[in-house]
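An overview of the molecular structure
Each chain, letter by letter, is given below.
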Amino acid sequence: AQTVTQSQPEMSVQEAETVTLSCTYDTSENNYYLFWYKQPPSRQMILVIRQEAYKQQNATENRFSVNFQKAAKSFSLKISDSQLGDTAMYFCAFMKRWDDKIIFGKGTRLHILP
Amino acid sequence: DTGVSQNPRHKITKRGQNVTFRCDPISEHNRLYWYRQTLGQGPEFLTYFQNEAQLEKSRLLSDRFSAERPKGSFSTLEIQRTEQGDSAMYLCASSLGGPDTEAFFGQGTRLTVV
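Residues numbered from 1 in each chain as written. Chains lettered and ligands numbered in written order. Predicted model: local features only at pLDDT ≥ 70, side-chain atom pairs only at ≥ 80, totals over all residues. Heavy atoms only, no water.

**With respect to the overall build of chain B**
Within chain B, the secondary structure is distributed over 0 helices and 11 strands. Ordered by position in the sequence, the α and β elements of chain B form the string β-β-β-β-β-β-β-β-β-β-β. Computed over C-alpha atoms, the radius of gyration of chain B comes to 13 Å, within 12% of the 13 Å expected from 2.2 N^0.38 for 114 residues, which places it in the range of a compact globule. When the backbone C-alpha atoms are referred to their principal axes, chain B occupies close to 40 × 25 × 25 Å. Put simply, chain B has 114 residues, and 46% of those count as buried. Put simply, of all contacts in chain B between residues at least 6 apart along the chain, 53% involve residues at least 24 apart. A total of about 5700 Å² of accessible surface is found on chain B, and carbon and sulfur atoms cover 44% of it. (Helix = DSSP H or I, 4+ residues; strand = E, 2+ residues; numbered from the N terminus. Rg over C-alpha atoms; globule rule 2.2 N^0.38 Å. Buried < 20%, exposed > 50% of the residue type's maximum accessible area, 1.4 Å probe, protein only. Contact = heavy atoms within 4.5 Å. Areas by Shrake-Rupley, 256 points an atom, 1.4 Å probe, with all protein chains shown as cover.)

Shown next as structure tokens:
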């Protein structure tokens, strides 16, 4: 069975700083996807960034980038130049290729302080 | 509106009562998913549909839970004889299907069983 572990329940950083959220996962699969989802307070979950396991290049979306270490089964999210609107729960998630179940970690609550 | 819509947003019910939630996916999406999110946890997969066919159910979906998607459009999730442990946020998501497509989430229905 696949598991996703987020070891940081809560983090706070000052606006404009860079923050890194950690995630590790466990799987015996070789073809899979990894995701970071953002869930703002009282709003729907949105996809921040996605990484295909077969791609060695780390995914980047504007201020968001990942550090994907396949051998170590590590998938961290870096948020650069953090903004107040980045305040949210962030979930690391896993999905086997050709499967439709997304497996989520417990989340990291991120506070961006003015 | 092009997003996933869930109704009601909040539901308070007495233990033992039945409740039904509705999800309207993005119109062209043939995959529809239900997840449950309890406090302090990430979403957990419950079930999903390909058009009107229910393709997979989690062991979390006890006999008291039933989901339908009668015409391959909207879906309902019914919980019979609710228990306090059913209190959670119920999330619906939809996608075009396939490994390279994105799942879009609704805002969820928060159920409180008193």
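So much for the structure itself; the text now carries on.
**Considering the sheet that holds strand 8 (residues 75–79) of chain B**
Residues and elements named next belong to chain B. Across the sheet, which stays open at both edges, the 4 strands sit in the order 1-3-8-7 with antiparallel pairing between neighbours. Two strands in the sheet have a free side with no partner beyond their single neighbour: strand 1 (5–7) and strand 7 (65–68). Recorded for the sheet is a direction-independent mean angle of 15° between the axes of neighbouring strands. As paired elements, strand 7 and strand 8 share 4 bridges and run antiparallel to each other. Within strand 8, the position partnered with F65 by the bridge is I79. (Pairing = 2+ DSSP bridges. Axes fitted to C-alpha atoms, helices over the stretch in contact; angles between N-to-C directions.)

**Thoughts on the nonpolar core**
Residues and elements named next belong to chain A. L21, Y25, W36, F75, L77, Y90 and L110 are the most contacted members of the largest nonpolar core, which has 26 residues in total. Secondary structure elements with two or more residues in this core: strand 2 (10–14), strand 3 (19–21), strand 5 (32–39), strand 6 (46–52), strand 8 (64–69), strand 9 (74–79), strand 10 (88–96) and strand 12 (108–113). Sequence-distant contacts of L21, that is, excluding residues within four places in its chain, are made with Q8, M11, W36, S76, L77, Y90, T108 and L110. (Core = buried A, V, L, I, M, F, W, Y, C linked by side-chain atoms within 4.5 Å.)

**Quick look at the interface of chain A and chain B**
For an interface, size is often stated in terms of accessible area lost upon the parts coming together. With 20 residues of chain A at the interface, the matching set in chain B holds 21 residues. Taken together, the two surfaces of chain A and chain B that pack against each other cover about 1800 Å², and 50% of this comes from carbon and sulfur. Area buried by chain A at its contact with chain B is led by Q44(A), D100(A) and K101(A), which between them contribute 30% of it. Residue R31(B) is joined to D100(A) by a salt bridge in which the shortest nitrogen-to-oxygen separation is 2.5 Å. Between the two partners, chain A and chain B, sit 5 residue pairs in polar contact (both at pLDDT 80 or more). Elements with a contribution of two residues or more to the side of chain A that touches chain B: strand 5, strand 6 and strand 10 of chain A. The biggest single contributor to the side of chain A that touches chain B is strand 5 of chain A, with 3 residues. (Buried area = accessible area lost by both parts, 1.4 Å probe. Salt bridge = Lys/Arg side-chain N within 4 Å of Asp/Glu carboxyl O. Polar contact = N/O pair within 3.5 Å; in protein donor to acceptor, adjacent residues only side chain to side chain.)

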